Amino acid sequence: MPDWVRQGYEDYAKRLPRECELVLKEIAPGKRAKNSDVARIIHAEGERMITAIGKGSHVVSLDVQGAPWATPDLARAMQRWLAGGQHVALLVGGPEGLSSQARQLARESWSLSPLTFPHPLVRIIIAEQIYRAWSLLNNHPYHRE
């Protein structure tokens with residue numbers, strides 16, 4: 001990823017307290033060529049993703065078909081997640097989306113937008129929205145800026 005992506009993500013991630021620590025786990029995408037078996041690639045990506053999820057984690061898929069949460073909705077979800085005491089795994093799929101096995105593992109599904117965003121922006125948007133939800137829960141002035 002370009003430096004601006006790393007810097008943008010890290011800027012929001014470092015603002016969060018330890019109980020909301022963001023840990024980015026990148027899953028290598030399958031190689032795609034003109035005649036690739038895309039279904040097989042998506043399945044393999046899903047298997048690698050599932051392997052990277054910690055046992056007992058609360059899994060949330062990021063999917064265009066998911067719930068279109070506003071910031072207060074995300075803050076309520078974050079409050080539930082924190083109260084549950086489990087790690088939360090936010091799953092972002094590859095260019096064709098998440099595998100069916102990754103979707104089935106998710107307890108809830110969140111849609112950032114009906115728009116399609118490039119992956120570099122998605123990681124920054126997620127980090128910023130997690131920070132914004134945390135700031136709302138903690139009456140931090142960031143949300144009102």
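Here, every reference points to the structure presented above.
Note that this is a predicted model, so its numbers are computed, not measured.

A.B. asks: Help me understand the overall build of the protein chain, please; the structure alone is not making it clear to me.
C.D. replies: Counting its regular elements, the protein chain contains five helices and three strands. When the elements of the protein chain are put in sequence order from the N terminus, they spell out α-α-β-α-β-α-β-α. Looking at the protein chain alone, contacts between residues at least 24 apart form 75% of all its contacts between residues at least 6 apart. One way to put it: in the protein chain the 18 positive side-chain charges average out to a point 2 Å from where the 15 negative ones average out.

A.B. asks: For this particular structure, what's the right way to read the packing of helix α1 (residues 3-13) against helix α5 (residues 119-137)?
C.D. replies: A pair of packed helices is captured by two measures, namely the crossing angle of their axes and the spacing between those axes. At a closest axis distance of 8 Å, the pairing of α1 and α5 adopts a crossing angle of 15°. Between α1 and α5, the interaxial angle falls into the category roughly parallel. The interaxial crossing formed by α1 with α5 has left-handed handedness. The residues of α5 that touch α1, namely those facing Trp4, Val5, Gly8, Tyr9 and Tyr12, are Pro120, Leu121, Arg123, Ile124, Ala127, Glu128 and Tyr131. Of the residues contributing to the contact of α1 with α5, the split by class is nine nonpolar, one polar and two charged.

A.B. asks: Sorry, what's going on with the pattern of salt bridges here?
C.D. replies: A side chain with one charge may pair with a side chain of the opposite charge, provided their charged atoms come close. Under the criterion given, the structure shown has eight salt bridges. Note that arginine 6 is salt-bridged to aspartate 3, the shortest N-O span being 3.7 Å. Pair noted here: arginine 6 and aspartate 3 are both in helix α1, with a separation of three residues, about one helical turn. Overall, the relative accessible area of 37% leaves arginine 6 in the partly exposed class. The exposure class assigned to aspartate 3 is exposed, which follows from its relative accessible area of 51%.

A.B. asks: When you look at the packing of aromatic side chains in this model, what are you seeing that I'm missing?
C.D. replies: One pair of aromatic rings is described through two measures. These are the centre distance and the angle between the planes. Enumeration over the complete set of coordinates arrives at six aromatic pairs. When the ring of tyrosine 131 is compared with that of tryptophan 134, the centres are 5.9 Å apart and the planes differ by 25°; the resulting orientation is stacked. Of this pair, tyrosine 131 and tryptophan 134 are both found in helix α5, three residues apart, which corresponds to roughly one turn of the helix. Exposure remark for tryptophan 134: the relative accessible area of 14% places this residue in the buried category. In textbook terms, an aromatic cluster arises when at least three aromatic residues are bridged by ring pairs, as seen for Tyr12, Tyr131, Trp134 and Tyr142. Taking NZ or CZ as reference, arginine 15 lies 5.2 Å from the ring centre of tyrosine 131, over its face.

A.B. asks: Help me out: how do you make sense of the sheet that holds strand β2 (residues 88-92) in this one?
C.D. replies: Backbone-to-backbone hydrogen bonds pair the strands of a sheet. The strands run either parallel or antiparallel. Ordered in space as β2-β1-β3, the three strands form an open sheet in which the pairing is parallel. Of all strands in the sheet, those with a lone pairing partner are β2 and β3 (108-110), marking the two edges. This sheet shows a mean twist of 40° between the axes of neighbouring strands, independent of strand direction. Sheet analysis places strand β1 (residues 58-67) next to β3, joined by four bridges and oriented parallel. Residue pairing in the sheet places alanine 67 in a bridge with tryptophan 110 of β3. Along the sheet face, helix α3 (residues 71-84) touches β1, β2 and β3 and points at about 145° away from the line of β3.

Rules behind the numbers
Residues numbered from 1 in each chain as written. Predicted model: local features only at pLDDT ≥ 70, side-chain atom pairs only at ≥ 80, totals over all residues. Heavy atoms only, no water. Helix = DSSP H or I, 4+ residues; strand = E, 2+ residues; numbered from the N terminus. Contact = heavy atoms within 4.5 Å. Lys, Arg positive; Asp, Glu negative; His and termini not counted. Charge placed at Lys NZ, Arg CZ, Asp CG, Glu CD. Axes fitted to C-alpha atoms, helices over the stretch in contact; angles between N-to-C directions. Parallel < 35°, antiparallel > 145°, perpendicular 65-115°, else oblique. Left-handed = near helix turned anticlockwise from the far one by under 90°. Nonpolar A, V, L, I, M, F, W, Y, C, P; charged D, E, K, R; others polar. Salt bridge = Lys/Arg side-chain N within 4 Å of Asp/Glu carboxyl O. Buried < 20%, exposed > 50% of the residue type's maximum accessible area, 1.4 Å probe, protein only. Phe/Tyr/Trp six-rings, centres within 6.5 Å; stacked < 30°, edge-to-face > 60°. Lys NZ or Arg CZ within 6 Å of the ring centre and 35° of its normal. Pairing = 2+ DSSP bridges.

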